[in-house]
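A look at the structure
Residues per chain, in single letters:
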Amino acid sequence: FAWQTTILEEADQAIEVSRSLQDLSEKRQANAAALTQLTTDQAALVQVEQYFQEQLAKIQLLPQDRPVEELDRWLVWQTVTQADLGPTWLPLADSFPDALQPASSYVNWLEKAIQASGQDLQIIQDQIAGLETQNNQITSKFTQALDESMGLSANLEIRAIENKSL
């Protein structure tokens, strides 16, 4: 009964391969969630950077030796505190100009903030590219494993029929 042995071996191998499908599927889901989060973070950071650029243009038009209006100052500060900008922004937030500082201090601070947001955007873009590459590799492995599993479930068990006549 060589054909029985062959069928059992092929089925067992297909089932074993199908077990890796679940792991690959979980990796794909985790990857998709990470990509979604990074894309959301990227969009939020782009908005923050655009706001900083708008404020920089506005403050550059003011007399540079006078303080910035309180409302403008608090709107910039509010953007910093409400955005989840991460630990790299803590030193920048700590160096936020005081109320009596001249507009030139805000110009310098906003230039640094725009530079920092640009760096953070580049990091996010690199992370997105890495996850997309990883996702393509996982998808390729998943497709291969799906073919090799012959459509069998990882929960299926194949046993030889013993002591039964056919």
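Things to note about the overall build of the protein
Helix and strand counts for the protein stand at four helices and zero strands. Along the protein, helices and strands appear, N-terminal first, in the series α-α-α-α. Counting contacts in the protein only where the partners sit at least 6 residues apart, residues at least 24 apart contribute 86% of the total.

Details of the environment of Asp-120
Relative to the helices and strands, Asp-120 is located in helix H4 (residues 103-148). Judged by relative accessible area, which is 14%, Asp-120 ranks as buried. A C-alpha to C-alpha distance of 9.9 Å links Asp-120 and Asp-41, two positions 79 residues apart in sequence. For Asp-120, the contacting residues outside a window of four places in its chain are Leu-45, Leu-85, Thr-88 and Trp-89.

Quick notes on the packing of aromatic side chains
Inspection of every chain in the model, using the stated rule, returns six aromatic pairs. With a centroid separation of 6.5 Å and an interplanar angle of 50 degrees, the aromatic rings of Tyr-51 and Phe-52 are classed as tilted. The same class applies to Tyr-51 and to Phe-52, which are both buried. For the pair Phe-52 and Trp-89, a centre-to-centre distance of 6.1 Å together with 35 degrees between the ring planes defines the contact as tilted. Remark: Trp-89 occurs in the loop between helix H2 (70-82) and helix H3 (90-94) and Phe-52 occurs in helix H1 (residues 2-60); sequence separation between them is 37 residues.

Some thoughts on the confidence of the model for the protein
Per-residue pLDDT for the protein has a mean of 85; in total, 87% of the residues score no lower than 70. Considering each helix and strand of the protein separately, the mean pLDDT is smallest for H1, with a value of 86, and largest for H4, with 92.

Some details on the pattern of salt bridges
As a working rule, side chains carrying opposite charge can pair if their charged atoms are close by. Per the stated rule, a full pass over the model turns up two salt bridges. Across the pair Lys-27 and Asp-23 runs a salt bridge, and its minimum N-O distance is 3.6 Å. In this pair, Lys-27 and Asp-23 both sit in helix H1, four residues apart, roughly one turn of the helix. In this structure, Asp-72 engages Lys-58 in a salt bridge whose closest nitrogen and oxygen atoms are separated by 2.8 Å. Taken as a pair, Asp-72 in helix H2 and Lys-58 in helix H1 lie far apart in primary sequence, 14 residues in all.

Here's the deal with the nonpolar core
One recurring pattern in soluble globular proteins: nonpolar side chains tend to sit buried together. One finds Phe-52, Ile-59, Val-76, Trp-89, Trp-109 and Leu-110 to be the most contacted residues of the largest nonpolar core, which totals 28 residues. Sorting elements by how many residues they give to this core places H4 first, with twelve residues. Beyond its immediate chain neighbours, meaning those up to four positions away, Trp-109 contacts Phe-52, Val-76, Val-80, Leu-92, Ser-95, Phe-96 and Pro-97. If you look at the next biggest cluster of nonpolar residues, it comprises five residues, including Leu-21, Leu-24, Ile-138 and Phe-142.

Let's talk about the environment of Leu-56
Of note, Leu-56 is situated in helix H1. Counting along the chain gives 51 residues from Leu-56 to Val-107, while the straight-line C-alpha distance between them is 6.0 Å.

Let's talk about the side chain of Gln-55
As for its placement among the helices and strands, Gln-55 is situated in helix H1. Assessed through its relative accessible area of 8%, Gln-55 is described here as buried. Look past the residues within four positions of Gln-55 in its chain and what remains in contact with it is Asp-72, Val-76 and Leu-110.

About the thresholds
Residues numbered from 1 in each chain as written. Predicted model: local features only at pLDDT ≥ 70, side-chain atom pairs only at ≥ 80, totals over all residues. Heavy atoms only, no water. Helix = DSSP H or I, 4+ residues; strand = E, 2+ residues; numbered from the N terminus. Contact = heavy atoms within 4.5 Å. Buried < 20%, exposed > 50% of the residue type's maximum accessible area, 1.4 Å probe, protein only. Phe/Tyr/Trp six-rings, centres within 6.5 Å; stacked < 30°, edge-to-face > 60°. pLDDT = per-residue confidence, 0-100. Salt bridge = Lys/Arg side-chain N within 4 Å of Asp/Glu carboxyl O. Core = buried A, V, L, I, M, F, W, Y, C linked by side-chain atoms within 4.5 Å.

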